[in-house]
Amino acid sequence: MVTTAEAIDYKGKKVEFPLEYAAENEIPDEELHEHLAKPSTERTKRLKARCRWKHASAGEFVEKGVCAGIERMRLLTEAHKASEGKPEVMRRALGLANILNKCTVVLQDDEFIIGYHAEDPNMFPLYPELAYMAVADYLITDYAPQPVEEAREIMDYWVPYSMQSKCEHYFDPEDLQRMYQVSTMEAPGFATGYNSIVPPYETVLEDGLLKRIELAEANIQMAKDKMAEMPWDATKGLAWLDKIDNWEAMILVDKAVIAWARRHARLCKIVAENFETDPKRKEELLEIADINQRVPAEPCKGLKDAFQAKWYTYLLCHAIDRYASGMAHKEDTLLWPYYQNSVIDKSFQPMTHADVVEMVEMERLKVSEHGAGKSRAYREIFPGSNDLFIISLGGTLPDGSDACNDMTDAILEATRNIRTTEPSLMFRYSKKGRSKTKELVFGCIRDGLGYPSIKHDEIGVQQMKEYGKFSTEGKGATDEEAHNWVNVLCMSPGIHGRRKTQKTRSEGGGSIFPAKIMEVTLNDGYDWSYADMQLGPKTGNAEDFNTFEKLWEAFKVQYQYAASLVIRCKDTLRYFEGKFLQMPFVSSIDDGCMELGRDACELSEQPNGWHNPITTIVAANSLVAIKKLIYDEKKYTMKQLMDALKANWDGFEEMRKDFKNAPKWGNDDEYADAIIKDFYEDIIGGEMRKITNYSGGPVLPVGQAVGLYMEIGSRTGPTPDGRYGGEAADDGGISPYMGTDTKGPTAVLRSVSRVQKNQKANLLNQRLSLPIMRSQHGFNVWHAYMDTWHDLNIDHVQFNVVSTAEMKAAQKEPEKHQDLIVRVAGFSARFVDIPTYGQNTIIARNEQEFGAEDYEFIDADL
């Protein structure tokens, strides 16, 4: 049966909540989301039906036949062996060129946007030059590249050259062993190979690569002219040598990229002229051939050009040159000029708005097929999805006006129609944003996609300005450029555009886990419940903390140790990336690298030093319970607490009840909120801000929990907030612990708004009432709620709108619920592909009902 919200008395009248779509009265709660997908054309319906998803569940690929390919690693190794003795940046360029010149090019039925990053659409590449441990992981599974003996030989070849070997030497083995436990700290990036980037798509679409080659050639000539000046000055002249190497490497790879795209063009032409029997498809293949002959070599003229050039740039930056998660770009702003050419002016590649919606649907399905060769640990923390693909929309333009346009709307319409977990969307919420677009944003949320997630537009702009002040190059974001920001991954903002973008994850990312740090703080730095080893410095046993302040200071020391070590690993990796993992293609499309003759890994013009404390609320709620019950009320001693924790609360049920019922975050509780505010501002953000990273800026917290809250929860013993050992931790950077926010949705906002100082971005998950959101008042309620959120100066929020009845039905009959999508943390996932442990954490979140007090607080127009 279908559930509707109960009527309420509000502002002197009775308000009813009939469903907005009357036809839904006939759809039971248990199957609603299976009726919401509506691909706009027969083609996208077919493409979705045959999509080769790369979802993982508990670290295993869900679809049969998915495996790693060997082609990329083979071709890269062949070039590396042949280029010994050449400058390192040229070796990197020759490696990429060898891959592009010899790799298999893939063309699939029905596609319009073409190209793939492995020899088969069921495959994905591996990256032995990054971390040999991540490759070794695959070789012992059914997903190993074939022949596996050759893959093992390649991996062994790369061991001394890999980032992992180059970096490990500079760390104490004991510290590394602690990191490899992934319980207080994430393993170092040089061992996992995990990465993210913001490619400067704009230069590819606006200039074309032939223009970039011309610029590099002119720079080389200019450098040689300077070197020839008399009298010779070595203090200046020798600096040109590395620059010339960088420009020559850029030219080499750009020519290889053009040739690679034109190989695709030739394939389309051959198929059209020799094999295709459908006249309509034959004509389309010839059109695709023409597009790929022109782009990305030449500037894009129409929207079809732009989609194809963008896709090639994405494959190169995120999968072929090296692995990088994310899909960071401002898609509506980037494509708007080409939308104008094709849809409004019809001056090139004329098409309708409906045609654009179909193009976006096709692009979303291409992304859904994109496989990433992540290590098993990273497959486990993104259950129900391929990887973190996040596109940004909305916000404001550099002149402060609304940035939403008809391209924004086409993206949102297509997203709602095609209903895929990826790519996720982030919407920059400004009160200047037009209502028409916000209604489409709401439509996606109401339909349970879990995205767009919402970020505060003005806070993002201020963050870019603030970080720009610390640029060691003196070229941080200007006031105008500060409006050009996107989410680099699920939460962290960074610049997009022609220069100053993030090139590698060593400028951001990496995680530390306060819940586990709280556990070891109570045990003199020792982990008794999982690793059975010392995980941090010795800061004393809990029984010795005769004041709350001593506990506070001990936690601070443990936290600083973990944060400093993780960021030191990232910066060390960045140092070696600049020397041995250069990215000449990315350098060629960045205006700063092109102008200065510097490599993208080495140059950092705009600092972007975010870092992930995850599971903060378990630690924070624990501090509140300890302060109240041990130090303030003295109902228990610290020894009693430690005895209860060592027993996992077994035999201490009444005591656990007291700790579980102590005030919790997210209820607008002054006692809890005061402690937790200080915890966030003085320790989580304050201690982190003392660190200076590679780019010269301070480090600030961002809560990108992904699925780590499940992993870390399973590795964290019982905690003083009343949680049992092994239970999941909190699911976001600042989200209340599941089921403990009992005072309504606006109480959560009031608590969260108290934390402001030393914060950059913190993830806030909320689960809203499905009957209210799908009612005739749904948009008005959500809109008023968002305006209140904006006024409270909160940086982020995202929503699950899905019923418990449907999630439980999906647990019983998963085959009937393939389109049920939920928001996990910074990503959305197919519910049935999430392990039961994770599914239950979604079900356990409170479905927030709005009461009259909530409606009054947000001043809803009902």
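These figures come from a predicted structure and were not determined experimentally.

**Things to note about the overall build of the chain**
Point 1. Summing up its helical and strand segments, the chain has 36 helices and 21 strands in all.
Point 2. The globule rule puts the C-alpha radius of gyration for 862 residues at 29 Å, and the 27 Å found for the chain is close to it.
Point 3. Referenced to the eigenvectors of the C-alpha coordinate spread, the extents of the chain come out at roughly 80 × 65 × 55 Å.
Point 4. When each of the 862 residues of the chain is scored for burial, the buried share is 66%.
Point 5. In the chain, the share of contacts with a sequence separation of at least 24, taken over all contacts with a separation of at least 6, comes to 78%.
Point 6. Just so you have it, the chain exposes about 28900 Å², and 51% of that area is on carbon and sulfur atoms.
Point 7. Of the charged side chains in the chain, 103 are positive and 134 negative, and the gap between their average positions amounts to 2 Å.

**Focus: the packing of aromatic side chains**
Point 1. Evaluation of the coordinates by the stated rule reveals 39 aromatic pairs.
Point 2. On the numbers, 6.0 Å between centres and 75 degrees between planes, the contact of Trp-158 with Tyr-161 is edge-to-face.
Point 3. Owing to a relative accessible area of 5%, Trp-158 belongs among the buried residues under this scheme.
Point 4. Judged by centre distance (6.2 Å) and plane angle (20 degrees), the ring pair of Phe-555 and Tyr-559 falls under stacked.

**Details of the sheet that holds strand 18 (residues 796–800)**
Point 1. Pairing is mixed across the open sheet formed by six strands, whose spatial order is 7-8-9-18-17-21. Each end of this open sheet is capped by a strand with a single partner; those strands are strand 7 (390–394) and strand 21 (847–848).

**Here's the deal with the UniProt feature "domain: Glycine radical" (unreviewed entry) in the chain**
Point 1. UniProt's entry tags residues 732–851 with the feature "domain: Glycine radical" (unreviewed entry), counted in the numbering of this structure.
Point 2. The distance from the first to the last C-alpha atom of residues 732–851 is 25 Å, and the span holds 37% helix and 14% strand.

**Things to note about a nonpolar patch on the surface**
Point 1. Nonpolar side chains collect at one region of the surface, where Trp-232, Leu-238 and Leu-241 lie side by side and expose about 310 Å² of accessible area between them.
Point 2. Here Leu-241 is to be found in helix 12 (residues 239–274).
Point 3. When its relative accessible area of 41% is taken as the criterion, Leu-241 is described as partly exposed.

**Overview of the pairing of strand 7**
Point 1. For strand 7, a buried count of five out of five residues is recorded, marking the element as mostly surrounded by other parts of the structure.
Point 2. Sheet analysis places strand 7 next to strand 8 (residues 424–429), joined by five bridges and oriented parallel. Bridged to Gly-394 within strand 8 is Arg-428.
Point 3. A crossover links strand 7 with its parallel partner strand 8, the connecting element being helix 18 (residues 406–418), and its sense is right-handed.

**Quick look at helix 5 (residues 148–158)**
Point 1. What helix 5 keeps buried is the set Val-148, Ala-151, Ile-154, Met-155, Tyr-157 and Trp-158.
Point 2. Where the residues of helix 5 are buried, they touch helix 2 (71–82) and helix 4 (132–139).

**Some points on the state of the cysteines**
Point 1. Across all of its chains, the model carries zero disulfides by this definition.
Point 2. Considering cysteine sulfurs only, Cys-103 is the nearest to Cys-268, which forms no disulfide, with 14 Å between them.
Point 3. When its relative accessible area of 0% is taken as the criterion, Cys-268 is described as buried.
Point 4. Free of any disulfide, Cys-601 has its nearest cysteine sulfur in Cys-593, 9.0 Å distant.
Point 5. Cys-601 sits in the buried class, given a relative accessible area of 0%.

**Examining the sheet that holds strand 15 (residues 610–613)**
Point 1. As summarised here, the arrangement of the three strands in space is 12-15-16, forming an open sheet in which the pairing is parallel. Since the sheet does not close on itself, it has two edges, and those belong to strand 12 (511–512) and strand 16 (700–701), each with one partner.
Point 2. In this sheet, strand 15 lies alongside strand 12 in parallel orientation, the contact comprising two bridges. Within the sheet, the bridge partner assigned to Ser-511 lies in strand 15 and is Asn-612.

**Overview of empty space enclosed by the protein**
Point 1. Overall, the coordinates contain 14 cavities of 30 Å³ or more when judged by the stated rule.
Point 2. Its volume calculated, the largest cavity comes out at about 130 Å³.
Point 3. What lines the largest cavity is a set of 21 residues, among which Pro-188, Gly-189, Tyr-194, Arg-505 and Lys-570 lie closest to the centre.
Point 4. At the level of secondary structure, the elements contributing two or more residues to the lining of the largest cavity comprise helix 8 (189–192) and helix 22 (548–580).

**So, the layout of surface pockets**
Point 1. In this structure, the largest pocket occupies an estimated 550 Å³ of space.
Point 2. Every residue lining the largest pocket is counted, 19 residues in all, and those nearest its centre are Arg-43, Phe-112, Lys-280, Glu-284 and Glu-358.
Point 3. Those elements giving two or more residues to the lining of the largest pocket turn out to be helix 1 (42–49), helix 13 (279–294) and helix 16 (353–369).
Point 4. Here the lining of the largest pocket gets five residues from one element, more than from any other, and that element is helix 13.
Point 5. Here the residues of the lining of the largest pocket sort into five nonpolar, no polar and 14 charged.

**Some details on the pairing of strand 17 (residues 765–768)**
Both faces of the sheet carry side chains from a regular strand, because those side chains alternate between them.
Point 1. Burial along strand 17 is two-sided: Asn-765 and Arg-767 and Gln-766 and Leu-768, pointing in opposite directions, are all buried.
Point 2. Pairing of strand 17 with strand 18, which is carried by three bridges, proceeds in the parallel orientation. Counterpart to Arg-767 in the pairing with strand 18 is Asn-800.
Point 3. In the sheet, strand 17 pairs with strand 21 via two bridges, with the strands oriented parallel. Note on strand 21: the bridge partner recorded for Leu-768 is Gln-848.

Cut-off values and rules
Residues numbered from 1 in each chain as written. Predicted model: local features only at pLDDT ≥ 70, side-chain atom pairs only at ≥ 80, totals over all residues. Heavy atoms only, no water. Helix = DSSP H or I, 4+ residues; strand = E, 2+ residues; numbered from the N terminus. Rg over C-alpha atoms; globule rule 2.2 N^0.38 Å. Buried < 20%, exposed > 50% of the residue type's maximum accessible area, 1.4 Å probe, protein only. Contact = heavy atoms within 4.5 Å. Areas by Shrake-Rupley, 256 points an atom, 1.4 Å probe, with all protein chains shown as cover. Lys, Arg positive; Asp, Glu negative; His and termini not counted. Charge placed at Lys NZ, Arg CZ, Asp CG, Glu CD. Phe/Tyr/Trp six-rings, centres within 6.5 Å; stacked < 30°, edge-to-face > 60°. Pairing = 2+ DSSP bridges. UniProt positions renumbered as here; feature names shortened; annotations may be inferred. Patch = residues over 30% accessible without salt bridge, like charges linked within 9 Å, V, L, I, M, F, W, Y side chains within 5 Å. Salt bridge = Lys/Arg side-chain N within 4 Å of Asp/Glu carboxyl O. Right-handed = clockwise from strand over helix to strand, strands pointing away. Disulfide = S-S within 2.5 Å. 1 Å grid on protein atoms, 1.4 Å probe; cavity = no way out; pocket = protein on both sides within 12 Å on 5 of 7 lines; lining within 4 Å. Points joined across faces, edges and corners; volume = space filled by probe spheres on them. Nonpolar A, V, L, I, M, F, W, Y, C, P; charged D, E, K, R; others polar.

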